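# Structural description and commentary
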Amino acid sequence: AATLLATPALAGSPDGRWQVKLLATGVLPDGKIDKVETIDAGTALGGAVAATAGPQTRVNDNVVPTLAVEYYFTPNVSVETICCLTQHHVSGAGGLAGTRLVDHVLILPATVTAKYHLNLGPIRPYVGAGPAAFLVFGEKPGATARALGTDKMRLSNELGVVVQGGVDVPLGDSGMGISLDAKKYWIGTTATFQDAAGAATLATKLKLDPWVVSGGVYFRF
């Protein structure tokens, strides 16, 4: 993106077909237990969860840089994809408060949205929707899960949907401007905890459903 901005041959245009955004993005997931799918109450971790009324979890928020690339088919219709990698951990809440269940969760939120833009003079609001896939890497059992006998764990890759709304504000006729964007995802993941023998002691469906809010600059050409 820096190369695009620095290349004189790519003259900016407020009506260009390509747009690149450099954004600061807040990823605000839910992270509650939506469903307990498997539980072995005879194990330390399974027993701890089974003995807790209404077990809940939460996933921490994070702020990351984001690159968005957009192509305009017409002045009002475009398609956009984003690229970022966000890191999280899963902690206990409610009856499990103070526990750490999952560490070092890296999520690549592969997202494509179709967008419709309005031209309201100095501002250009838009709405969009599309499919999303959360690809999960590097997850490890947290300190509490390890202490309760978990040898390894994994979070499933999942498909979901996203809607978005935002506004682009051009700064003159140079093709540059300011962008504000908000996305709401509906997507979850299954967390599976295993003991040293490879047996599943606990599997829960986590409701991620994050809000993803961004602000930054764009260059259109």
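See the structure above.
The structure reproduced in this document is the subject of the present report. The shown structure was predicted, so the numbers you read here are calculated from the model rather than taken from an experiment.

### Some details on the nonpolar core
- Residues Val102, Leu155, Tyr185 and Phe193 are the most contacted members of the largest nonpolar core, which totals 30 residues.
- Excluding residues within four positions of it along the chain, tyrosine 185 makes contact with Ile82, Thr111, Ala132, Phe134, Val161, Val162, Asp209, Pro210 and Val212.

### Some words on empty space enclosed by the protein
- A full pass over the atoms with the stated rule returns six cavities of 30 Å³ or more.
- When its volume is computed, the largest cavity comes out at roughly 130 Å³.
- Looking at the lining of the largest cavity, the elements with two or more residues in it are strand S1 (18-28), strand S6 (86-93) and strand S7 (100-117).
- The residue makeup of the lining of the largest cavity, split by class, is twelve nonpolar, three polar and no charged.
- Put simply, the second largest cavity is a space of about 70 Å³.
- Together, Ile33, Val49, Thr57, Val90, Leu96, Leu101, Val102, Ala191, Phe193, Leu202, Thr204 and Leu206 line the second largest cavity.
- Residue assignment for the lining of the second largest cavity shows that the elements contributing at least two residues are S7, strand S13 (188-194) and strand S14 (200-207).
- With three residues, the single largest contributor to the lining of the second largest cavity is S14.
- Residues of the lining of the second largest cavity, tallied by class, amount to ten nonpolar, two polar and no charged.

### Structural notes on the side chain of threonine 66
- Within the secondary structure layout, threonine 66 lies in strand S4 (residues 62-72).
- A polar atom in the side chain of threonine 66 sits 2.6 Å from the side chain of threonine 25.
- Ignoring anything within four residues of it in the chain, the contact list for threonine 66 reads Lys21, Leu22, Leu23, Thr25, Ile82, Cys83 and Cys84.

### Description of the pattern of salt bridges
- Applying the stated criterion across every chain yields a total of seven salt bridges.
- For aspartate 168, the salt bridge goes to lysine 21, with nearest N and O atoms at 3.2 Å. Remark: lysine 21 occurs in strand S1 and aspartate 168 occurs in strand S11 (residues 158-170); sequence separation between them is 147 residues.
- Assessed through its relative accessible area of 2%, aspartate 168 is described here as buried.
- In this structure, the salt-bridge partner of arginine 100 is aspartate 103, at a minimum N-O distance of 2.7 Å.
- Residue classification places arginine 100 among the partly exposed positions, given a relative accessible area of 31%.

### Remarks on the pairing of S7
- One ladder, built from six bridges, connects strand S5 (residues 77-83) with S7; its direction is antiparallel. When the bridges of S7 are listed, glutamate 80 appears paired with threonine 113.
- Across five bridges, the pairing between S6 and S7 is antiparallel. What sits directly across from histidine 88, in S7, is valine 105.
- Connecting the antiparallel pair S6 and S7 is a turn made up of six residues, with glycine 94 showing a positive phi of about 65 degrees.

The rules we used
Residues numbered from 1 in each chain as written. Predicted model: local features only at pLDDT ≥ 70, side-chain atom pairs only at ≥ 80, totals over all residues. Heavy atoms only, no water. Core = buried A, V, L, I, M, F, W, Y, C linked by side-chain atoms within 4.5 Å. Buried < 20%, exposed > 50% of the residue type's maximum accessible area, 1.4 Å probe, protein only. Contact = heavy atoms within 4.5 Å. 1 Å grid on protein atoms, 1.4 Å probe; cavity = no way out; pocket = protein on both sides within 12 Å on 5 of 7 lines; lining within 4 Å. Points joined across faces, edges and corners; volume = space filled by probe spheres on them. Helix = DSSP H or I, 4+ residues; strand = E, 2+ residues; numbered from the N terminus. Nonpolar A, V, L, I, M, F, W, Y, C, P; charged D, E, K, R; others polar. Polar contact = N/O pair within 3.5 Å; in protein donor to acceptor, adjacent residues only side chain to side chain. Salt bridge = Lys/Arg side-chain N within 4 Å of Asp/Glu carboxyl O. Pairing = 2+ DSSP bridges.

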